[in-house]
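What the coordinates show
Each chain, letter by letter, is given below.
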Amino acid sequence: MSTTETATSFLATAIELATANALNQGGPFGAVVVTADGHVFEGVNRVTATNDPTAHAEVTAIRTACAALGTFDLTGATLYTSCEPCPMCLASALWARIGDVVYAADRHDAASGGFDDVVFYEYFENADRDRLMPVRKLDGSPEDFPDVRQPFTTWNSLETRIDY
C-alpha cells in the first residue's frame, strides 16, 4: 500500500468515525493518531455529549494515544482528521509533538455544516483580537503580588522534573 493509499484509508476511517459519532449524540468530527511505529488510536468529538468544550476529536485521539502509550510525546505520529483542526486542536498536536497533520474537509466545509470556527482562526491572525476576548498581563510593582517567576524557579530547581 502506498503512502497516499494509507493516508486515504486513515482519512476514510476518520470520516466514518465522524459520521457514526454524529448519530451517537456527538459532533460530526473524527480523528486517528498513527504513531511512527504504526499504533492506531481513534477519537471522536464528545463536546455536547460530555459538556466538555475541549473534547474535540483530535484532542480525544491524542489523549487516548498518550494514555495508552504512557507518554505525552507523540513525536513522529501523524494525526488524520475528518476536518481541518481548529486552533486548539492544532496547539494540542504541537504540544504532543505530532509530526504531521492530514485533514479531509476544511474550515469552510465545517462552516457550511453549522460549525463556524472562522472567528477563532481570525482571532490569532487579527491584531484587534482583544475585541473578542481580551488577554492581558497584569503589571504591577513587586509589593502588589508575589514573585511571578517563583513557580518556574521552583520547577528549574527540581531534580525530579520531567521536561516537556
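Let me sum up the structure you'll find in this document. The shown structure was predicted, so the numbers you read here are calculated from the model rather than taken from an experiment. (Residues numbered from 1 in each chain as written. Predicted model: local features only at pLDDT ≥ 70, side-chain atom pairs only at ≥ 80, totals over all residues. Heavy atoms only, no water.)

**Quick notes on helix H4 (residues 87-95)**
Selection rule: Using a 1.4 Å probe on the protein chains alone, a residue whose accessible area is under 20% of its type maximum counts as buried, one over 50% counts as exposed, and one in between counts as partly exposed. Helix numbering and strand numbering both begin at the N terminus, where a helix is a DSSP run of H or I of at least 4 residues and a strand a DSSP run of E of at least 2. Note that the arc is defined by the directions from the helix axis to the C-beta atoms. It only takes one pair of heavy atoms within 4.5 Å for two residues to be counted as in contact.
Buried within H4 we find Pro87, Cys89 and Ala93. End-on, the buried residues of H4 take up no more than an arc of 165°, which puts them together on one face. Among the exposed residues of H4, those pointing more than 90 degrees away from its buried face are Leu94 and Trp95. Each element contacted by the buried residues of H4 is listed here: helix H3 (57-69), strand S3 (78-83), strand S4 (100-105) and helix H6 (118-125). Just beyond H4, the residue with positive phi is Arg97, at close to 65°.

**Details of the packing of aromatic side chains**
Put simply, the test is: Working definition: rings of Phe, Tyr and Trp (its six-membered ring) pair if their centres are within 6.5 Å, and the pair is stacked with planes under 30 degrees apart, edge-to-face with planes over 60 apart, and tilted otherwise. Over a ring means this: the NZ of a Lys or the CZ of an Arg is within 6 Å of the ring centre and within 35 degrees of the ring normal.
In the structure shown here, the tally under the stated rule is 2 aromatic pairs. An angle of 85° between the planes, with centres 4.9 Å apart, marks the rings of Phe29 and Phe115 as edge-to-face. One end of the pair, Phe29, is in the loop between helix H1 (3-22) and strand S1 (30-34); the other, Phe115, is in the loop between helix H5 (107-112) and H6, and 86 residues separate them in sequence. Of the residues examined, Phe29 reaches a relative accessible area of 13% and is grouped as buried. Its end group placed over the ring of Tyr121, Arg107 keeps NZ or CZ at 3.6 Å from the ring centre.

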